[in-house]
Every structure is written in C-alpha cells, then in structure tokens.
Amino acid sequence: MKIALRMDDITADMNWDNFFRLKELFDKAGIRPLLGVVPDNRDPSLSCMQERADFWEVLLELQEDGWSIAQHGCRHVYTTKKGGLFPLNRFSEFAGLPYERQRKLIAYGKRILEDQGIETDIFMAPGHSFDENTLRALKECGFSYVTDGFGSMPFRRGGLTFLPIARQKSACFGSGEGYTTLVIHANGMNDAQIGWYERMLAEHAGDFISFGRLLEIPAEERGFAGNLAEYVQAGGKRAAVKALSAFRKK
C-alpha cells in the first residue's frame, strides 16, 4: 500500500511548532503532503498561536516546492448535524444546507485562496461530511478532486475524483496493493504522536509518497454497491469510535 499524507486545519494561527516539526520529518523523507487550508477560519478551536504575517507567502513557497494544497471548507464552522454521504461524523459545514448556500460558501472560499495566488481544484470537507449538493457545488466551482472516502484506489463519484483516506493507521502497512491517505491534525499532537510518524517514515520509507502522486493514478468507476458499502463502513467506524470513547470515560 502506498501512503500519502494530508494535514488538515491549516490556518495563520495554527500550531506552527508542531507543523514545522512534522515538516522536518517530511523533508527528510523526501515527501510532500497535502495541506488543507481554511480560507476564512471562524473556528476558535483552530487558533493555537499568534498569527503569522507571512502565512500566505509560506503556503506559496511550499506549493512551489511541490506540496499540494486543498481548500478545507470555507470557515470551518459546523452549521448542521448531518453526516451526509460519508457519515464519519454527525456534523458538517455543508451537508444539509441548500445547494445555493453551499455553492456561495465554496465559491467565496475559493476566491479568497485565488486572491492570495493559490490555485487548487482539490477539496477537503471539514468533518469529512458532504452531500449531493456539495458535490454539485464543487463541480460548479471548478473542483476536480475530493480527499475523502474509503477504498484502495482513487474512484469517481458524482463527476469528481475521490482520493481515499485510511480507515485505520496501522492497517496501511503491509496490506497489499493500492493507495490511501493518512489524515494528520497537527494542532493537538503530542510528542508521542509526532514520534509515531518519525518511526513510520523511517521504517516504511518505501511506502510513503507525495500527495501529488495520487493525482496521477487513474480513477476507478464505482457504482451504487460501492457507495453503499462505504456509507456503512463510515457509519460503523463512527459508532465504534463513540463506543470506545464512552468505555474510556468509565
């Protein structure tokens, strides 16, 4: 299994200490992850440090160096309790909203990025939650890729190419052929969690690839049965995580 990386919640006031610690590991391994940039962050939980005045310049330099960039929603504010087509969570910035509202949010976020010189056709939904209206709006706004879904190969759905994420981190290694993406939330990572990536990048160096490689893989067509199986798997994982959390609180 070839493994790409995506870093969510990229903002001007994120945890830059953790970001640069991870960047050092990625540079050493010679890989370039995907950065999910929140265009107009309104989520206070993502604010960790003082804003960098050179935020956009840093992003442009990373993009020039081969890092990929995705639009991570618009404001990262969960406005509904809908899981949508991929119900890993029961909250969303988009799922459940009318089409025109979603289109305006997505277009507004894209315009912010473009005004800063960042062009991307990759979308990353906050909370992994989106619905049919989201996919329709993404196509209308010029997006081609969505980083989400389960599977071992990029697949087509709703006129877009989906780049799947891993259901379990440990299951990625030595699990046969295919491609997946590990999701990194650097803001809240501790030393042990960062150390895990350091070990994996060293022990499984041949398994990791830059995210841009995924864009070169032909996508498979996937029908109703595949989409239904994914929906059930996502709901099952959400239930398992909820049960484990409740058990740990006892």
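That block above? That's the structure.
Numbering of residues starts from 1 in each chain and follows the order in which that chain's sequence is written. This being a predicted model, a pLDDT of at least 70 is required before a residue's local features are given, and a value of 80 or more before pairs of side-chain atoms are given or counted; all residues contribute to the totals for chains, interfaces and linings. As a convention, hydrogens and water are excluded, and side-chain values are obtained from all of the structure's heavy atoms.

S.K.: Pulling in residues and values, what's your account of the environment of Phe173?
M.R.: Runs of H or I in DSSP of at least four residues are treated as helices and runs of E of at least two as strands, each being numbered from the N terminus. With respect to the element layout, Phe173 can be found in the loop between β7 (160-162) and β8 (179-184). C-alpha separation for the pair Phe173 and Lys139, spaced 34 residues apart in sequence, amounts to 33 Å. Not counting chain neighbours up to four residues away, the residues in contact with Phe173 comprise Ile3, Trp196, Met200, His204, Asp207 and Phe208. In what follows, a contact means two residues having at least one pair of non-hydrogen atoms within 4.5 Å.

S.K.: A description of empty space enclosed by the protein should follow, citing residues and the corresponding values.
M.R.: For cavity detection a 1 Å grid was placed over the protein atoms alone, and a set of points counts as a cavity when a 1.4 Å probe fits there but cannot get out; an open set counts as a pocket when protein lies on both sides within 12 Å along at least five of seven lines, with lining residues being those that have an atom within 4 Å of a point. Grid points are joined across faces, edges and corners, and a volume is the space filled by probe spheres set on the points. Under the counting rule described, the total for this entry stands at 1 cavity of 30 Å³ or more. Reported here for the largest cavity is a volume of approximately 40 Å³. Lining the largest cavity, in full, are Met7, Asp8, Asp9, Ile10, Met14, Phe19, His185, Ala186 and Asn187. Considering every element that reaches the lining of the largest cavity, the biggest residue donor is strand β1 (residues 2-10), with 4 residues. Split by residue class, the lining of the largest cavity holds 5 nonpolar, 2 polar and 2 charged. Three classes are used: nonpolar for Ala, Val, Leu, Ile, Met, Phe, Trp, Tyr, Cys and Pro, charged for Asp, Glu, Lys and Arg, and polar for all others, with Gly counted as polar.

S.K.: How would you sum up the nonpolar core? Please name residues and give values.
M.R.: Core analysis: the largest hydrophobic core is formed by 38 residues, its most contacted members being Met7, Phe26 and Leu35. Secondary-structure elements contributing two or more residues to this core are β1, α1 (16-29), β2 (34-37), α2 (55-64), α3 (99-115), β8 and α5 (191-203). Residue contacts for Leu35: discarding those within four places in its chain leaves Met7, Ile10, Phe19, Leu59, Leu62, Trp67, Ser68, Ile69 and Ala70. Listed in part, the 24 residues of the second largest apolar core include Phe94, Ala137, Cys141 and Ala234. What makes a nonpolar core is a set of buried Ala, Val, Leu, Ile, Met, Phe, Trp, Tyr and Cys residues whose side-chain atoms join them at distances within 4.5 Å. The classification of residues rests on relative accessible area computed with a 1.4 Å probe and restricted to protein chains. Under 20% of the type maximum is buried, over 50% is exposed, and intermediate values are partly exposed.

S.K.: Lay out α1 in plain terms, naming residues and giving numbers.
M.R.: Given the number of residues in a helix, its expected span is that number minus one, multiplied by 1.5 Å. With 14 residues, α1 should reach 20 Å at 1.5 Å per residue; the first-to-last C-alpha distance of 20 Å fits that figure. Those residues of α1 that sit buried are Trp16, Asn18, Phe19, Leu22, Lys23, Leu25 and Phe26. For α1, the secondary structure elements touched by its buried residues are β1, β2, α2, β8 and α5. Contacts described as polar in this section are N or O atom pairs within 3.5 Å, which, within protein, must combine one atom able to donate a hydrogen with one able to accept it, while residues neighboring in sequence count only if both atoms come from side chains. Two or three places before Asp17, at the opening of α1, Asn15 has a side-chain oxygen 3.3 Å from that residue's backbone nitrogen. Backbone geometry just after α1 places Gly30 at a positive phi near 75 degrees.

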